[in-house]
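Listed below, chain by chain, are the residues.
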Amino acid sequence: MKSIRSYHLLVGVLLIAALFLTGCETGHKFVKKTGFKDTDKIVITFAGPVDEAWASNVANFSAYEKPDPDIVLTVKEIVLSSDKTKLTLIFEAPLNTGEAHILNIKNIMSEGQDMGAAMLTVKKLYFGVLMTILIGAALINNFVFTKYLGLCVFFGCSQKRSTAIGMGIVFTVVIAFAATMAWALYQFVLKPYQLTFLNIVVFIGLVSLSVQGVDTILRKVNPILFKAFGVYLVLVIANCIAIAVPLMLADNEYTGWESFSLALGAGIGFLIALFMMACVREKLELAKVPPSFKGLPIAFVVAGLFALAFLGFSGLSIY
Amino acid sequence: MAIKEKTNTQLFVDGILSENPIFRLALSMCPAVGISTSVMNGILLGTAVLFVQVCSSCTISLVRNYIHPKIRIPTYTLTIATWVTVIDLVLAAYMPVAYKAMGLFVRLIVAFAIITMRLEMFASREPLQKSFFDGLGMGLGFMFAMMVLGFVRELLGSGMILGYDVLGFKPLLFFVLPCAGFFVVGIMMGFFNWIEVVYKRKKEV
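Residues numbered from 1 in each chain as written. Chains lettered and ligands numbered in written order. Predicted model: local features only at pLDDT ≥ 70, side-chain atom pairs only at ≥ 80, totals over all residues. Heavy atoms only, no water.

Chemist: What am I meant to see in the overall build of chain B here?
Modeler: The secondary structure content of chain B amounts to nine helices and two strands. In terms of C-alpha radius of gyration, chain B reaches 18 Å, essentially the compact-globule figure of 17 Å for 205 residues. Its C-alpha atoms give chain B principal-axis dimensions of roughly 60 × 55 × 25 Å. A sequence separation of at least 24 residues applies to 73% of the contacts in chain B between residues at least 6 apart. A distance of 4 Å separates the average location of the 17 positive side-chain charges in chain B from that of its 11 negative side-chain charges. (Helix = DSSP H or I, 4+ residues; strand = E, 2+ residues; numbered from the N terminus. Rg over C-alpha atoms; globule rule 2.2 N^0.38 Å. Contact = heavy atoms within 4.5 Å. Lys, Arg positive; Asp, Glu negative; His and termini not counted. Charge placed at Lys NZ, Arg CZ, Asp CG, Glu CD.)

Structure follows, in structure tokens:
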């Protein structure tokens, strides 16, 4: 029993390590690490001290974005740290840090020795990319308040806080499961056999199947949980976010992890929206609302105010 | 069974007025909020919904006696998905600009509650002709509601109707902002409720 557990732990650690490491490998023995800093700087860390005369020569460095090799980005200034192992290249224009950059370095000179030329790939940590997608789907492009999807279920399930939380959790679980399956199906079946025109039919079937699957598994594995959350399962199919997420990840050609974080973000965003709306609607019950606005109309106005507030997230960028 | 006594014309008018999908039944709200920024969007999406609704209603009505009751919902879903795929490919091929403007919403017709509901409540029980008129009424009702919303938002937001400058100035730019959709739909619903309340009061007096 113990060995199985430690085996799982090992796999988990390896997976997380793989996620972190993908951004750090450099391909040259003398270069330890590369990475972006702010929006216009690239930082290179060397294994040993480099010569100041070599480092201050701008002509030794040239960089471009991976998809556009013919657009060379100009280096404005180079700053060498006091222990001479860390080099900061400051570029003239802000860099598009979402894209991988290729950095060519001519003969690296270290204490009079030539360490050879290097061609480095500078990119954001993959983990950072995933977090950007997740937070983007949850807050910046919240599916309810900025994409206006899933409104039927949103207004139907936000009368009480307990209902809101139940629906949000069930939806997050099902959508994460369904989106991962949709990604696999799209990448390994639909695309290779050129059946992408069947996207809609396949994805809606897949979502219904995953709902049925989660239903069956939950009923057998944990009947108590099923009693609490089973009612919400049916409603997941009626939610257009559940079909929008697979379509989006197919349109954007996301990878498996990216699809998963998009689905997770969509679910969390839906949960946040539902919960906030339920809090307000519980208070609205006590408020004096004009009779013709009771119920749905006033809920729409409140949702509009939330949508205005969510516009404020549009400038947010974390990684 | 009041539905059975209705004539075709009544079915048709009911879909547009007293059972209007957006204002009265409050179903398929997503496009009503999301892309009702202009009358043109309303017409286009309305046409797409009309097509899907009529075709699915007729299809289900034709095969209604062969569907096993246990698998009726999946059958409806797949039927709708098929027709949505058809209209999706047609729009993408012939109207690429308008298709882009509507974004995901054309493909999301597949998840519109109104269509499934009509299939379940009506087309699975009634003969072809009646289902056709019911579908036509519902589709046109949706189109009508989308056009009204688009009219209000386009007129108040940019002072234009169908791209023609009517007012010559922009009364409230706020209305073309995407999030104003919530306010417009909410206020319109309140307005329809208010009319009903006033009407009832008059009747009582």
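Next, the rest of the story.
Chemist: Looking at this model, I keep getting lost on the interface of chain B and chain A. Mind explaining?
Modeler: Frequently, the measure chosen for interface size is the accessible area that the parts lose on association. Between chain B and chain A, the residue contacts involve 32 residues of the former and 32 residues of the latter. The interface formed by chain B and chain A contains one salt bridge. On the surface where chain B and chain A come into contact, there are three residue pairs in polar contact (both at pLDDT 80 or more). When residues of the side of chain B that touches chain A are traced back to their parent elements, those giving at least two are α3 (29–34), α5 (72–94) and α9 (180–204) of chain B. For the side of chain B that touches chain A, the element with the most residues is α9(B), which contributes nine residues. When the residues that make up the side of chain B that touches chain A are grouped by side-chain class, the tally is 22 nonpolar, eight polar and two charged. (Salt bridge = Lys/Arg side-chain N within 4 Å of Asp/Glu carboxyl O. Polar contact = N/O pair within 3.5 Å; in protein donor to acceptor, adjacent residues only side chain to side chain. Nonpolar A, V, L, I, M, F, W, Y, C, P; charged D, E, K, R; others polar.)

Chemist: Where do I start with the packing of aromatic side chains in this structure?
Modeler: Two aromatic rings, taken as a pair, are described by how far apart their centres are and by the angle between their planes. As enumerated under the stated definition, the model contains 20 aromatic pairs over all chains in all. Seen from their ring centres, A:F155 and A:F300 are 4.2 Å apart, and the 25 degrees between their planes marks the pair as stacked. Linking A:F155 in helix α4 (residues 151–156) with A:F300 in helix α10 (residues 296–311), this pair joins segments that are 145 residues apart in sequence. For the pair formed by A:F155 and A:F300, the shared burial category is buried. Judged by centre distance (5.6 Å) and plane angle (50 degrees), the rings of B:F174 and B:F183 are tilted. Owing to a relative accessible area of 12%, B:F183 belongs among the buried residues under this scheme. Note that A:K147 overlies the ring of A:F143, its terminal NZ or CZ placed 4.6 Å from the centroid. (Phe/Tyr/Trp six-rings, centres within 6.5 Å; stacked < 30°, edge-to-face > 60°. Buried < 20%, exposed > 50% of the residue type's maximum accessible area, 1.4 Å probe, protein only. Lys NZ or Arg CZ within 6 Å of the ring centre and 35° of its normal.)

Chemist: Looking at this structure, I do not really get helix α7 (residues 113–123) of chain B. What am I missing?
Modeler: Residues spaced three or four apart along an α-helix point in a common direction, a consequence of the helix completing one turn every 3.6 residues. Along α7(B), the positions that sit buried rather than exposed are B:I114, B:I115, B:R118, B:L119, B:F122 and B:A123. Across the axial projection of α7(B), the buried residues extend over an arc of 135 degrees, all falling on one side. (Arc of directions from axis to C-beta.)

Chemist: Help me understand the confidence of the model for chain B, please; the structure alone is not making it clear to me.
Modeler: Any residue range with low pLDDT should be treated as having predicted coordinates unsuitable for detailed reading. Of all residues in chain B, 97% attain a pLDDT of 70 or more, and the chain-wide mean is 83. For this predicted complex, the interface confidence score (ipTM) comes to 0.84, while the overall pTM stands at 0.78. (pLDDT = per-residue confidence, 0-100.)

Chemist: What exactly am I supposed to notice about the confidence of the model for chain A here?
Modeler: Per-residue confidence for chain A gives a mean pLDDT of 83; residues scoring 70 or more make up 90%. Put simply, helix α1 (residues 2–21) of chain A is where chain A has its lowest mean pLDDT, 57, and helix α9 (residues 256–284) of chain A is where it has its highest, 93.

Chemist: Before we go on, may I ask you to explain the domain arrangement of chain A in this structure?
Modeler: Segmenting chain A into domains produces domain 1 (24–124) and domain 2 (127–313). Taking the mean C-alpha position of each, domain 1 of chain A and domain 2 of chain A sit 43 Å from one another. (Domains from an automatic or database assignment.)

Chemist: Would you explain the environment of A:N60 in this entry?
Modeler: Residue and element names in this part refer to chain A. On the secondary structure map, N60 appears in the loop between α2 (52–55) and β3 (61–65). In this structure the C-alpha to C-alpha distance between N60 and T39, which are 21 residues apart in sequence, comes to 22 Å. Non-local contacts of N60, meaning those with residues more than four positions away in its chain, are made with W54, N104, I105 and K106.

Chemist: Honestly, the pattern of salt bridges in this entry has me stumped. Any pointers?
Modeler: As a working rule, side chains carrying opposite charge can pair if their charged atoms are close by. Residue and element names in this part refer to chain A. One pass over the full model with this rule turns up seven salt bridges over all chains. Residue R161 pairs with E282 through a salt bridge whose shortest N-O separation is 3.0 Å. Linking R161 in helix α5 (residues 161–190) with E282 in helix α9, this pair joins segments that are 121 residues apart in sequence. Here E253 makes a salt bridge to K191, at a shortest N to O gap of 2.7 Å. One end of the pair, E253, is in the loop between α8 (240–251) and α9; the other, K191, is in the loop between α5 and α6 (199–221), and 62 residues separate them in sequence.

Chemist: How should a positive patch on the surface be read in this particular structure?
Modeler: All names here are of chain A. Where like charges cluster on the molecular surface, the positive patch consists of K32, K33, K37 and K86. Ranked by residues supplied to the positive patch, first place goes to strand β1 (residues 31–37) with three residues. With respect to the helices, strands and loops of the structure, K86 is situated in strand β6 (residues 86–91). (Patch = residues over 30% accessible without salt bridge, like charges linked within 9 Å, V, L, I, M, F, W, Y side chains within 5 Å. Areas by Shrake-Rupley, 256 points an atom, 1.4 Å probe, with all protein chains shown as cover.)

Chemist: Please clarify how the packing of α6(A) against α8(A) should be interpreted in this entry.
Modeler: Residues and elements named next belong to chain A. Interhelical geometry of α6 versus α8 gives an angle of 130 degrees and a closest axis separation of 9 Å. Viewed along their axes, α6 and α8 adopt a mutual orientation that is oblique. Relative to α8, α6 is oriented so that their crossing is right-handed. Taking contact as the criterion, the partners of N199, I200, F203, I204 and V207 in α6 are, on α8, A242, I243, P246, L247 and A250. (Axes fitted to C-alpha atoms, helices over the stretch in contact; angles between N-to-C directions. Parallel < 35°, antiparallel > 145°, perpendicular 65-115°, else oblique. Left-handed = near helix turned anticlockwise from the far one by under 90°.)

Chemist: Looking at this model, I keep getting lost on the sheet that holds strand β7 (residues 101–105) of chain A. Mind explaining?
Modeler: The pairing of strands in a sheet happens through backbone hydrogen bonds and is either parallel or antiparallel. Residues and elements named next belong to chain A. An order of β4-β3-β7-β10 is seen for the four strands of this open sheet, with the pairing classed as antiparallel. In this open sheet, the two edge strands, each paired with only one partner strand, are β4 (68–73) and β10 (118–122). Between one strand axis and the next, the sheet turns by 30 degrees as a mean value, whatever way the strands run. Summarising the sheet, β7 and β10 pair through five bridges and their orientation is antiparallel. (Pairing = 2+ DSSP bridges.)

Chemist: What is the right way to look at a nonpolar patch on the surface in this model?
Modeler: All names here are of chain B. Residues M40, L162, Y164, V166, L167 and F169 make up a contiguous nonpolar surface patch of about 620 Å² in total accessible area. Topologically, Y164 is positioned in strand β2 (residues 164–165). Accessibility expressed as a relative area gives 63% for Y164, which makes it exposed.

Chemist: Mind showing me how you'd approach the sheet that holds β1(A) here?
Modeler: Residues and elements named next belong to chain A. Pairing within the open sheet is antiparallel, and its four strands lie in the order β1-β2-β6-β5. Each edge of the sheet is formed by a strand with only one pairing partner; in this case those strands are β1 and β5 (75–80). Going from strand to strand, the sheet's axes swing by 20 degrees on average, the running direction of each strand aside. Both β5 and β6 contribute to a ladder of five bridges, which runs antiparallel. Across the sheet, V79 pairs through a bridge with T88, a residue of β6.

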